[in-house]
Amino acid sequence: MRVKPSLSVGEQVALLVSRGLAVNDEADCAAFLGSHNYYRFSGYARYFQRAPHQGDDGFMPGTTFAEIRRVYKADEALRTVLGQSLARVELLLRTHVARVIADTYGPYGSFLETSFYTDVRDAEPTVESCLRDIDRSKDRHILRYRGSGGRSVDYRELPVWSAVEAWSFGTLSKAIERGAGGALAGAVASSVGVAKAGFAYRVRSLVYLRNRCAHHGRLWHHSVLDAGPTPNNVRSKAKRLAGPFEPRSVLDVVASLDDVAVRGKVAGPVLPQIIREHPRDCSFWKGLARPESPRDHRA
């Protein structure tokens, strides 16, 4: 294994310049790298290099630091905007899951029974995920149901509308997908006012996108691993507005997010905002609509 040396920020700037990157203000570049991590920046820079997967890290002629930073900043701004909409949809789903369970299955006990869920082989049982999140909570609305010895049978008196507030978005997604023999997903979808088909997997894709944004993961040129089945009518409407994009692109998940947010009346659509801010022929838009691996691009 090749061992790479640890470089000072100044040496990182010098390395970029030696590879052909045009840097007008080296002090400004150093300040940026000093606060944003060279490795993170290189995830964007690879798409401006000739063939990094083959060991050629030289930048394509004319590439500037300012150009790469613009893409980086646009990606950062998009994560912020999406984070706001995703947070509102997450709260919307917590509300409707609690309402559906309480009205249909009762507000106490059933949602913490193993038999309530259809679990996936070799995966952590859903009840364990639910209880672990509840056990971790330090909120008073949870502590009041906990005995002095930790978890106790008092959780049988914990109402579902309180429990869902302790669950992570990932645990909430598992409950939607596996609850009531699969019936919970359709019931929650109907309650929100969106299509039932594939709803649980759409929620999973929102969890994926939310985690990506929360951990500052790159969205530009990112192929979504846990992409949900965006309804055809939702995707077609989005493409009429935005033009073509690939099924595993971030834009596809954004279209699905917008559908849930608007129908649930919790947020306006994000896609029109992205379209207004980024022309379809710019590097940032192309990287969102048609994500590639650095090895796929051509100098």
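Residues numbered from 1 in each chain as written. Predicted model: local features only at pLDDT ≥ 70, side-chain atom pairs only at ≥ 80, totals over all residues. Heavy atoms only, no water.

Caption draft 1: The arrangement of the packing of helix α3 (residues 38-45) against helix α4 (residues 65-105) in detail. Remark: α3 packs on α4, axes separated minimally by 10 Å, with the N-to-C direction vectors making an angle of 105 degrees. Taken together, the axes of α3 and α4 lie roughly perpendicular to each other. For the pair α3 and α4, contact is made by Arg40, Phe41, Tyr44 and Ala45 and by Phe65, Ile68, Val71, Tyr72, Asp75 and Arg79, respectively. (Axes fitted to C-alpha atoms, helices over the stretch in contact; angles between N-to-C directions. Helix = DSSP H or I, 4+ residues; strand = E, 2+ residues; numbered from the N terminus. Parallel < 35°, antiparallel > 145°, perpendicular 65-115°, else oblique. Contact = heavy atoms within 4.5 Å.)

Caption draft 2: Fine view of the nonpolar core. Formed by 90 residues in total, the largest nonpolar core has its most connected members in Leu82, Leu93, Phe111, Ile134, Trp167 and Trp285. Looking at this core, the element that brings in the most residues is α4, giving 16 residues. Discounting residues that sit within four places of it in the chain, Leu93 has contacts with Phe169, Leu172, Val188, Val192, Phe199 and Val203. (Core = buried A, V, L, I, M, F, W, Y, C linked by side-chain atoms within 4.5 Å. Buried < 20%, exposed > 50% of the residue type's maximum accessible area, 1.4 Å probe, protein only.)

Caption draft 3: Focus on the pairing of strand β2 (residues 56-59). Summarising the sheet, strand β1 (residues 49-51) and β2 pair through 2 bridges and their orientation is antiparallel. Bridging across to β2, Gln49 finds its partner in Phe59. (Pairing = 2+ DSSP bridges.)

Caption draft 4: Representation of helix α9 (residues 183-192) in the model. Considered for burial, the residues of α9 that qualify are Leu184, Ala185, Gly186, Val188, Ala189 and Val192. Elements in contact with the buried residues of α9: α4, α8 (169-178), α10 (199-214) and α12 (250-263). The positive-phi residue at the C-terminal boundary of α9 is Gly193, with phi of around 100 degrees.

Caption draft 5: The pattern of salt bridges, seen in detail. Following the criterion strictly, the structure yields 13 salt bridges and no others. When the shortest N-O distance is used, the salt bridge between Arg132 and Glu124 registers 2.4 Å. Among the residues examined, Arg132 registers a relative accessible area of 28% and is labelled partly exposed. Classification of Glu124 by relative accessible area gives partly exposed; the value is 29%. The network of salt bridges with common partners includes Glu177, Arg204 and Asp226. (Salt bridge = Lys/Arg side-chain N within 4 Å of Asp/Glu carboxyl O.)

Caption draft 6: Structural context of the environment of Ala87. Tracing the sequence through the fold places Ala87 in helix α4. When the C-alpha positions of Ala87 and Val266 are compared, they lie 9.8 Å apart, and in sequence the two are 179 residues distant.

Caption draft 7: Structural view of helix α11 (residues 232-242). Of the positions making up α11, those classed as buried are Val234, Arg235, Ala238 and Ala242. The buried residues of α11 occupy one face: seen down the axis, they fall within an arc of 95 degrees. Counted as exposed and oriented over 90 degrees from the buried face of α11: Asn232, Lys237 and Arg240. The elements touched by buried residues of α11 are α12, α13 (271-277) and α14 (283-289). Just downstream of α11 lies Gly243, where phi reads positive at about 90 degrees. (Arc of directions from axis to C-beta.)

No statement about biological role is implied by the geometric values presented.
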